[in-house]
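Results of the structural survey
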Amino acid sequence: MTRFIVRVYDVNGQEYTPPFFVARYIKRVGTAAVMGERTKLIPGVATDLPIAGDLVNLMVGTQAPGFSGETFNVRKVNGRWLTDMRAATISMDGDTVVVDVVDGTVRLAPTVFIPLEQKLRKSPEALLCEPGGGWIYYGAYLTNPTISRLRKPAVFDTATPTSWPSDPITVTNEGSGTFVFLEYGFETTSATLRKPRFLIGVWAPRVVLDAVPQVVVFYTPPTDRDYPADAYPFRGRYPYYPRPDVAVTPTIAKDVVQPYPNLAINYLISGYKIIPQIQAAGRNPIVICPINPSGHWGPLDTQRGLGRLIREVVRFLYGHKLVSSRVAPAARLSLDGGRASIFPKEGLYDDEPIPTSWALTASAFSNGIDRVLNLCTPRAIDEMLYDPTIFSFTDTGTTGASTRPKPDAPEVTLVRSWREIWDIDGVADDGKGAERHLRNLRTWLGEGQRRAVRSYHSTSAGMRTAPRALVDPTLIVTRPTKPYKGLFILEGNSADERATWVQFSDAALLPSPYDAHHTMPAVAFGHAAQFPLP
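This section reports on the structure supplied with the text.

The rules behind these values
- Starting from 1, residues in each chain are numbered consecutively following that chain's sequence as written.
- Confidence filtering applies because this is a predicted model: local features only for residues at pLDDT of at least 70, side-chain atom pairs given and counted only at 80 or more, and all residues used for totals across whole chains, interfaces and linings.
- Side-chain numbers here rest on the full set of heavy atoms in the structure, without hydrogens or water.
- The set of buried Ala, Val, Leu, Ile, Met, Phe, Trp, Tyr and Cys residues whose side-chain atoms join them within 4.5 Å is what this entry labels a nonpolar core.
- To sort residues, take the accessible area from a 1.4 Å probe on protein chains only and compare it with the maximum for the residue type: under 20% means buried, over 50% means exposed, and anything in between is partly exposed.
- Each helix corresponds to a stretch of at least 4 residues labelled H or I by DSSP, and each strand to a stretch of at least 2 residues labelled E; elements are numbered beginning at the N terminus.
- The contact criterion used is simple: two residues touch if any of their non-hydrogen atoms lie within 4.5 Å.
- We call two strands paired when DSSP finds no fewer than two bridges between them.

1. Here we look at the nonpolar core
Nonpolar side chains in soluble globular proteins generally cluster together in the buried interior. In terms of nonpolar packing, the biggest core is built from 138 residues, with Val99, Tyr137, Phe179, Phe181, Ile310, Trp418 and Phe504 touching the most fellow members. Tallying contributions element by element places helix 3 (residues 303-319) first for this core, with eight residues. Ile310 has contacts with Val215, Val217, Ile288, Trp358, Leu360 and Leu414, leaving out every residue within four places of it along the chain. In terms of nonpolar packing, the next biggest core, distinct from the first, is built from eight residues, Leu120, Tyr138, Tyr241 and Val256 among them.

Here it is as structure tokens:
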């Protein structure tokens, strides 16, 4: 007999009790070993299991709405009990094996393969996958691109330049990371429990990460135009409905685009190449791109909401061994046959802890900057719409509702971990956008020495609220010294170099397939990432 106690917590450290767990193991009957014996375990209650051998499979069900559940193995390796899922940890209480599981509220987004010539007449209700490149999400090719990395500083080779100063850097993108879509929130489609969930695009580096991993969160402009409209709880056309509207014009699968997923694919990989830009600068962080439904961000631009999202993503990636701070990750995302899974899903045993802090960079393009500005001060989540047990982080240090901080209190871990803001042609949209833009960045920057703001702006579209006053005017340099055919770049820093401000003339952002404003995210990330992390 081996005695087990299994307990379940959320990332807030709050214990919750699903009705039961299921333990599967080999039981010895006489001289025979009976496979697949099942026993229900009551959470927190010691149970003796007559196991033969040193392996038990545990399943934490999904009885708690919003939680994903976990299935993993517990095995005795060289006299020591280990698990093959890092969100479960093991301690010994005498001879009792105590298994503590942190359950999560993110999961792999559903996927489907529809033959490319087959007509769609309704939403696939999942991400479309294609067999090309060993099975990928539609359009999410990793192509080992050559990045024209903006020089730091932005010095030209000549007084008569024809474009912005850059160096070609070839990025080995394929194999350096895993691009994965996750769903965050409530999975159920029950008519009696229709609650929200968000689609999240994530880059999981396939390199050894720092013990305190770098995390870049990228906010896109809002999806209030040109995206399939939806309303709370955003379970209709968000996030998988395609363009064109296949209910009106049935269209073969290869000719449709899913606008919400494509938002992350276009910015991060195929279009603006944000991830290859960052890699060309020598970094390879975890990247998180929340995808907003019909312009609604819900809890995702609040300190507690973002703090919870980061913890959930980090728990998922480390827990399922898609990332590691010790070794190059062995597990991979598999989309074979259009079915998303982690491979191998079991059998990788170790005791690596999941990080509880990180070095955060909050970045945004265009009026996505409003999301970052919102994060600079604590704001409460609308708990009537977004259940705080799923969408909020509460760092109390203890359990119990009596210790819960006020909903609009600062989220301490996020504030302490936040090291950079990358402002990419940010245009604050409220009535006092310029004043708010500068004030919030200046206040945030002044709250700690290990903070930096890197701000990049175009002349025609992005100068409405550009925070030029963050830098010392005497340290702003014009390059080339005499603008040539309308081409110039202004670059300045604060005296302590914790703030950088760069302005491009429209001519300096040519040639480009985009207008000047939309060229900025294709240029600026590779420059901002060259600065050392504060």
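2. Some words on unusual backbone geometry
Note that the residue after Tyr232, namely Pro233, is joined by a cis bond; omega there is 10 degrees. Tracing the chain through its elements places Pro233 in the loop between strand 19 (214-219) and strand 20 (251-252). In this structure, the amide linkage connecting Phe343 to the following residue, Pro344, adopts the cis form with an omega of -10 degrees. Here Pro344 is to be found in the loop between strand 23 (341-343) and strand 24 (359-365). Phi angles above zero are rare outside glycine, and Asn78 is one such case at about 50 degrees. Among the structural elements, Asn78 can be located in the loop between strand 6 (70-77) and strand 7 (80-83). Overall, Asn78 belongs to the exposed group, its relative accessible area being 80%.

3. Observations regarding the sheet that holds strand 11 (residues 111-113)
If you walk across this open sheet you meet the three strands as 11-13-14, and the pairing is mixed. Either end of the sheet is taken by a strand with one partner, and the two such strands are strand 11 and strand 14 (136-137). Two elements, strand 13 (residues 127-130) and strand 14, share two bridges in a ladder whose sense is antiparallel. Residue pairing for strand 14: Cys129 is matched across the bridge by Tyr137.

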